[in-house]
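Residue strings, one per chain:
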Amino acid sequence: MANPRKHMVNNQVISNAAKVIQKGGVVAFPTETVYGLGADAFNPMAVARIFEIKERPAFDPLIVHIAEADGLGLLAEIENKELVDKLIEKFWPGPLTIVLPKKSSVPDIVTSGLSTVAVRMPDHLVALELIRESGTPIAAPSANKFGMLSPTLASHVGKQLPHVDFIIDGGKTTVGIESTVITLSGNGFKLLRPGVITVADLEEVLPEIHNMRENRLQSPGQLKSHYSPRIPVYIQGESAIKGDLGNAGYLALSPLQNTGEYQLSLSLSTGNDLREAAVNLFSALHQLEESGVKFIVVEPVPETGIGMAIMDRLRKAAYQYK
Ligand code: TXA
Ligand code: MG
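Because the structure is a prediction, the values reported are computed rather than measured.

Colleague: Describe the domain arrangement of the protein, with residues and values.
Modeller: Domain boundaries in the protein define domain 1 (6–203) and domain 2 (233–321). Placing a centre on the C-alpha atoms of domain 1 and another on those of domain 2 gives a separation of 27 Å. Put simply, domain 1 and domain 2 have three salt bridges between them. In this structure, E290 engages K159 in a salt bridge whose closest nitrogen and oxygen atoms are separated by 2.4 Å.

Colleague: Explain the sheet that holds strand β5 (residues 116–120) to me, and be specific about the residues and the numbers.
Modeller: If you walk across this open sheet you meet the 10 strands as β7-β1-β2-β6-β3-β5-β4-β8-β9-β10, and the pairing is mixed. For this open sheet the edge positions go to β7 (166–167) and β10 (208–209), each flanked by a neighbour on one side alone. Pairing between strand β4 (residues 96–101) and strand β8 (residues 180–185): four bridges, direction parallel. By the bridge assignment, L96 is partnered in β8 with T180. Packing against the sheet, helix α2 (residues 44–54) makes contact with β2 (36–40) and β6 (138–140), and its axis sits at approximately 155 degrees to β2.

Colleague: Explain unusual backbone geometry residue by residue, including any values.
Modeller: With omega at -10 degrees, the peptide bond leading from W92 into P93 counts as cis. With respect to the helices and strands, the residue P93 is situated in the loop between α4 (81–91) and β4. The phi angle at E55 is positive, at roughly 55 degrees, despite the residue not being glycine. As for its position among the elements, E55 is in the loop between α2 and β3 (63–65).

Colleague: Please provide a residue-by-residue account of the pattern of salt bridges, values included.
Modeller: Taken as a whole, this structure holds 16 salt bridges when the rule is applied. With a shortest N-O distance of 3.4 Å, R56 and D60 are connected by a salt bridge. Taken individually, R56 and D60 each receive the classification buried, so the pair is uniform in this respect.

Colleague: Can you explain the sheet that holds strand β12 (residues 248–252)? Please cite residues and give values.
Modeller: Strand order in the open sheet formed by four strands is β11-β14-β12-β13, with parallel pairing between adjacent strands. The outermost strands of the open sheet, each flanked by one partner alone, are β11 (233–235) and β13 (264–267). In this sheet, neighbouring strand axes are inclined to one another by 20 degrees on average, regardless of whether the strands run parallel or antiparallel. Lying over the sheet, helix α9 (residues 274–291) contacts β12, β13 and β14 (295–298), oriented at roughly 170 degrees with respect to β12. Lying over the sheet, helix α10 (residues 306–318) contacts β11 and β14, oriented at roughly 125 degrees with respect to β11.

Colleague: Can you tell me about the packing of aromatic side chains, naming the residues and giving the values?
Modeller: Counting across every chain of the model gives four aromatic pairs. Judged by centre distance (5.9 Å) and plane angle (45 degrees), the ring pair of Y227 and F282 falls under tilted. Residue Y227 is found in the loop between β10 and β11, and its partner F282 is found in helix α9; the two are separated by 55 residues along the sequence. What links up through ring pairs into an aromatic cluster is the set Y234, F295 and Y321.

What counts, and at which threshold
Residues numbered from 1 in each chain as written. Chains lettered and ligands numbered in written order. Predicted model: local features only at pLDDT ≥ 70, side-chain atom pairs only at ≥ 80, totals over all residues. Heavy atoms only, no water. Domains from an automatic or database assignment. Salt bridge = Lys/Arg side-chain N within 4 Å of Asp/Glu carboxyl O. Pairing = 2+ DSSP bridges. Helix = DSSP H or I, 4+ residues; strand = E, 2+ residues; numbered from the N terminus. Contact = heavy atoms within 4.5 Å. Axes fitted to C-alpha atoms, helices over the stretch in contact; angles between N-to-C directions. Buried < 20%, exposed > 50% of the residue type's maximum accessible area, 1.4 Å probe, protein only. Phe/Tyr/Trp six-rings, centres within 6.5 Å; stacked < 30°, edge-to-face > 60°.

Rendered as structure tokens:
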């Protein structure tokens, strides 16, 4: 469902932001997942500024956002049209990114020189109107410094990226973690990044799953360390916790019980709800980062369905502190 919060952003703001995009500027905007840092996907100089502002390595390609399914044909070669149409029908607009062979007109800087392009249609009226008014697909990574926490509020963007040309404040994002990324092959798919659209959801449309457990890096974004707060993160039961819990923050999936030994404890869900936990994950990590605690201990969540995407983000945040 499209985000009803659109009324929080007036049309003048969107049209001003669209003018910034058309002039080659960079705009932070809300999507249903996280805030994106967008530029005209067909303007290589504008896209270069995204990499500069984010301090993102040039090897990590961007997702191109479109507002109409027809726009896909401008960007990608569609080999298995029947399958792609089924995916679009079921999941767009929504948090699914599809990697397809790219059209030569897509600038190499967008795809980091790969022969494929990642495309999605966000389920957020502000994002969709911004794309429409700009009159061009918008290339956008998450609007954070490379490797750091993703933004689910406009204030998170301002904190990490003070030099963005324009920030559209659309309130808190409603999904909270980045889109599921897949690549197609034959009648099936490979999962490049888990998200709230789960493997089980995809299997309803795509009968074959390929090499899910393959270790080779298939997407430059499959880095082991990512999504990190500025302070260490330890996963309970997986990492050796170093430090005094009295200076630590605690992050739990479930309502809190007996966490008095920590300086600050937060719960991601009022009722063990993984979807609610995903919505609150990054904002809780931002809150802990800002609170002055020295490190964060997180309670692992069951790795089923959306839990797979949550644990993917947490393991990457904790990787360097194992
Ligand atoms: O929900 C989202 O996807 C958000 C919002 C703003 O749309 N965007 C986002 O972008 O998370 P970013 O740049 O933070 O993550 C994009 C991911 C990276 O892991 C990148 O490596 C992968 O998509 N990717 C992009 N193009 C690719 C390609 N051609 N082949 C394989 N992976 C690709
Ligand atoms: Mg990102």
